[in-house]
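Overview (structure and organization)
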Amino acid sequence: TPAGPIETRMPGLLQRLGLKTVLILLIKLCLSAAFFYWIWTALPDGTNWMELDLVQPVLLAVCIVAVLLQVALLAFRWLITTRHIASGIDDLPALRFLRFFHLTWLSLAISQVLPALVGGDGFRIAGLRYDGVPLGTSTKSVIIDRIFGLAGLVVLIIPGAAMSGFFAFLPF
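An account of the accompanying structure is given in this report. (Residues numbered from 1 in each chain as written. Predicted model: local features only at pLDDT ≥ 70, side-chain atom pairs only at ≥ 80, totals over all residues. Heavy atoms only, no water.)

**Considerations on helix H5 (residues 97–113)**
In this model H5 runs 24 Å from its N-terminal to its C-terminal C-alpha over 17 residues, within 8% of the 24 Å that 1.5 Å per residue would give. Turning to H5, its buried residues number three or more, namely Phe 100, Leu 103, Thr 104 and Ser 107. Projected onto a plane normal to the axis of H5, the buried residues spread over an arc of 105° and lie on a single side. Facing away from the buried surface of H5 by more than 90 degrees, the exposed residues are Leu 98, Gln 112 and Val 113. On its buried face, H5 is in contact with helix H4 (57–85) and helix H6 (119–130). (Helix = DSSP H or I, 4+ residues; strand = E, 2+ residues; numbered from the N terminus. Expected span 1.5 Å × (residues − 1). Buried < 20%, exposed > 50% of the residue type's maximum accessible area, 1.4 Å probe, protein only. Arc of directions from axis to C-beta. Contact = heavy atoms within 4.5 Å.)

**Digging into the pattern of salt bridges**
The final tally for this structure, using the stated rule, is five salt bridges. The closest approach of N and O atoms between Arg 124 and Asp 121, which form a salt bridge, is 3.2 Å. Note that Arg 124 and Asp 121 are positioned in helix H6 at a spacing of three residues, about one turn of the helix. Overall, the relative accessible area of 12% leaves Asp 121 in the buried class. A salt bridge links Asp 121 to Arg 146; the shortest N-O distance between them is 2.7 Å. Of this pair, Asp 121 sits in helix H6 while Arg 146 sits in helix H7 (residues 135–164), placing them 25 residues apart in sequence. (Salt bridge = Lys/Arg side-chain N within 4 Å of Asp/Glu carboxyl O.)

**Topic: the packing of H4 against H7**
It is the contact of H4 with H7, at a shortest axis distance of 9 Å, that shows an interaxial angle of 130°. Taken as axis vectors, H4 and H7 run oblique relative to one another. As H4 packs across H7, the resulting crossing turns out to be right-handed. Of the residues in H7, those in contact with Leu 74, Arg 77, Trp 78, Thr 81, Thr 82 and Ile 85 of H4 are Thr 137, Lys 140, Ser 141, Val 142, Ile 144, Asp 145, Phe 148 and Gly 149. Residues belonging to the contact of H4 with H7 are distributed by class as follows: six nonpolar, five polar and three charged. (Axes fitted to C-alpha atoms, helices over the stretch in contact; angles between N-to-C directions. Parallel < 35°, antiparallel > 145°, perpendicular 65-115°, else oblique. Left-handed = near helix turned anticlockwise from the far one by under 90°. Nonpolar A, V, L, I, M, F, W, Y, C, P; charged D, E, K, R; others polar.)

Structure follows, in structure tokens:
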């Protein structure tokens, strides 16, 4: 066997990532598989698994692409907001889309797990702070991004409610 650390003998992607990163990824993958197996075996026998056969792979792929696009658009909106707020700050680290995409994705997951609604927002603030963005700027960017999201919902909900007849009881 060749001499030297194992990192120098690993080909391609494994060499770039490093052994520690690959091991952590494998541990996470095993834990996820164990969790899904536990769920699978914990469900009652009467569960109709045949319903899973009704899912069309093309529709599933379209849904996955739609979710990825939604998260990408959320991250892009937040990135633009943060860049605008931080435009006058000197010595600001580079604000990159992939970092915002990563933080947005993780904050959505945290918001699903924690009982509080603002857990993901706190994570986004902490993530920007970790990257060197001042606390005030990080907080402002998340709050303003939330306001933009609310405004977007209002823009979509009002016409939708009007088309559904929700406002039919109003005298005007």
